[in-house]
Amino acid sequence: MDPMDIVGKSKEDASLPKATMTKIIKEMLPPDVRVARDAQDLLIECCVEFINLVSSESNEVCNREDKRTIAPEHVLKALEVLGFGEYIEEVYAAYEQHKLETMQDSLKGGKWSNGVEMTEEEALAEQQRMFAEARARMNGGTAPPKQPEANPDMES
C-alpha cells in the first residue's frame, strides 16, 4: 500500500504504538469481548485525532496568555473549551498521580537505580563484567557465570 493511499496521510504523520494501544483497549473490555483489527485501527486513529485536537487547542490557550510553553493548566482549559469539562477532574487526578510517581522515582534515583549505592570501583567492575558477558554473547558463546562478590569485610 502506498503511503498516500489513505487521504491526507503520509509516513510522517504521528501515530501511537499499536501494541500499547491494543493492550489498553483489551484491558478496558471484559475478557470475553473481542475487537476486530479494523475497530482497533479506528480507535487508534480516534486517539491520535483527539490528541491533535487537544494539543492544538492547548496551544491556542497558551498563545492567548502570551506564553511560549504549554502548561498543564492550558491542557485543562483546552478540555473545557472543547466540551470535555466533565473529564477535567479525572484528568487532573491522573496528572497529580503522575507528578507523585515522578517525584518518587526521582527521590529513588531514577528508574535505573535499585536503591543500592555502588562505589566507583564496584561500578567499574560491574561494567567490565557486563562487557565480558556481551562480548561472549556476540562471539556465539555463553556468558561466564556471575562471580559471587567477595565481601571485603570478611577477608582477613
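See the structure printed just above.
Scope of this entry: the structure provided in the associated data block. (Residues numbered from 1 in each chain as written. Predicted model: local features only at pLDDT ≥ 70, side-chain atom pairs only at ≥ 80, totals over all residues. Heavy atoms only, no water.)

## Considerations on the packing of aromatic side chains
Tallying each qualifying case throughout the model produces 3 aromatic pairs. Ring geometry for Phe84 against Tyr87: centres 6.3 Å apart, planes inclined by 45 degrees, an arrangement best described as tilted. Given the relative accessible area of 24%, Phe84 is considered partly exposed. Ring geometry for Tyr92 against Tyr95: centres 6.2 Å apart, planes inclined by 55 degrees, an arrangement best described as tilted. One end of the pair is Tyr92 and the other is Tyr95, both in helix α4 (residues 88-107) and 3 residues apart, which spans about a single turn. By relative accessible area, which is 39% here, Tyr92 ends up partly exposed. You can call Tyr95 partly exposed: its relative accessible area is 28%. Each residue in the set Phe50, Phe84 and Tyr87 is aromatic and connected to the rest through ring pairs, giving one cluster. (Phe/Tyr/Trp six-rings, centres within 6.5 Å; stacked < 30°, edge-to-face > 60°. Buried < 20%, exposed > 50% of the residue type's maximum accessible area, 1.4 Å probe, protein only. Helix = DSSP H or I, 4+ residues; strand = E, 2+ residues; numbered from the N terminus.)

## As for the packing of helix α1 (residues 18-28) against helix α2 (residues 37-64)
Across the interface, α1 lies against α2 with an axial gap of 10 Å and an inter-helix angle of 105 degrees. Between α1 and α2, the crossing angle belongs to the class labelled roughly perpendicular. Residue-level inspection shows Lys18, Met21, Thr22, Ile25 and Lys26 of α1 in contact with α2, the latter providing Gln40, Asp41, Leu43, Ile44 and Cys47. Its residues assigned to classes, the contact of α1 with α2 shows 5 nonpolar, 2 polar and 3 charged. (Axes fitted to C-alpha atoms, helices over the stretch in contact; angles between N-to-C directions. Parallel < 35°, antiparallel > 145°, perpendicular 65-115°, else oblique. Contact = heavy atoms within 4.5 Å. Nonpolar A, V, L, I, M, F, W, Y, C, P; charged D, E, K, R; others polar.)

## Some details on the pattern of salt bridges
Note that side chains of opposite charge can pair when their charged atoms are close. A complete count under the given rule lists 7 salt bridges for this structure. A salt bridge links Lys18 to Asp41, with the shortest nitrogen-to-oxygen separation between them at 3.1 Å. One end of the pair, Lys18, is in helix α1; the other, Asp41, is in helix α2, and 23 residues separate them in sequence. Since its relative accessible area comes to 27%, Asp41 is described here as partly exposed. In this structure, Glu80 engages Lys77 in a salt bridge whose closest nitrogen and oxygen atoms are separated by 3.7 Å. Residue Glu80 and its partner Lys77 are located together in helix α3 (residues 72-81), separated by 3 residues, close to a single helical turn. The exposure class assigned to Glu80 is partly exposed, which follows from its relative accessible area of 46%. (Salt bridge = Lys/Arg side-chain N within 4 Å of Asp/Glu carboxyl O.)

## A look at the state of the cysteines
For the structure on display, the rule yields 0 disulfides. Not part of a disulfide, Cys46 finds its nearest cysteine sulfur in Cys47, a span of 7.0 Å. (Disulfide = S-S within 2.5 Å.)

## Structural notes on unusual backbone geometry
In most cases, non-glycine residues show a negative phi, while peptide bonds are predominantly trans. Residues other than glycine seldom take positive phi values, yet Asp66 does so here, at roughly 55 degrees. Here Asp66 shows up in the loop between α2 and α3. Here Asp66 falls in the exposed class, since its relative accessible area comes to 72%.

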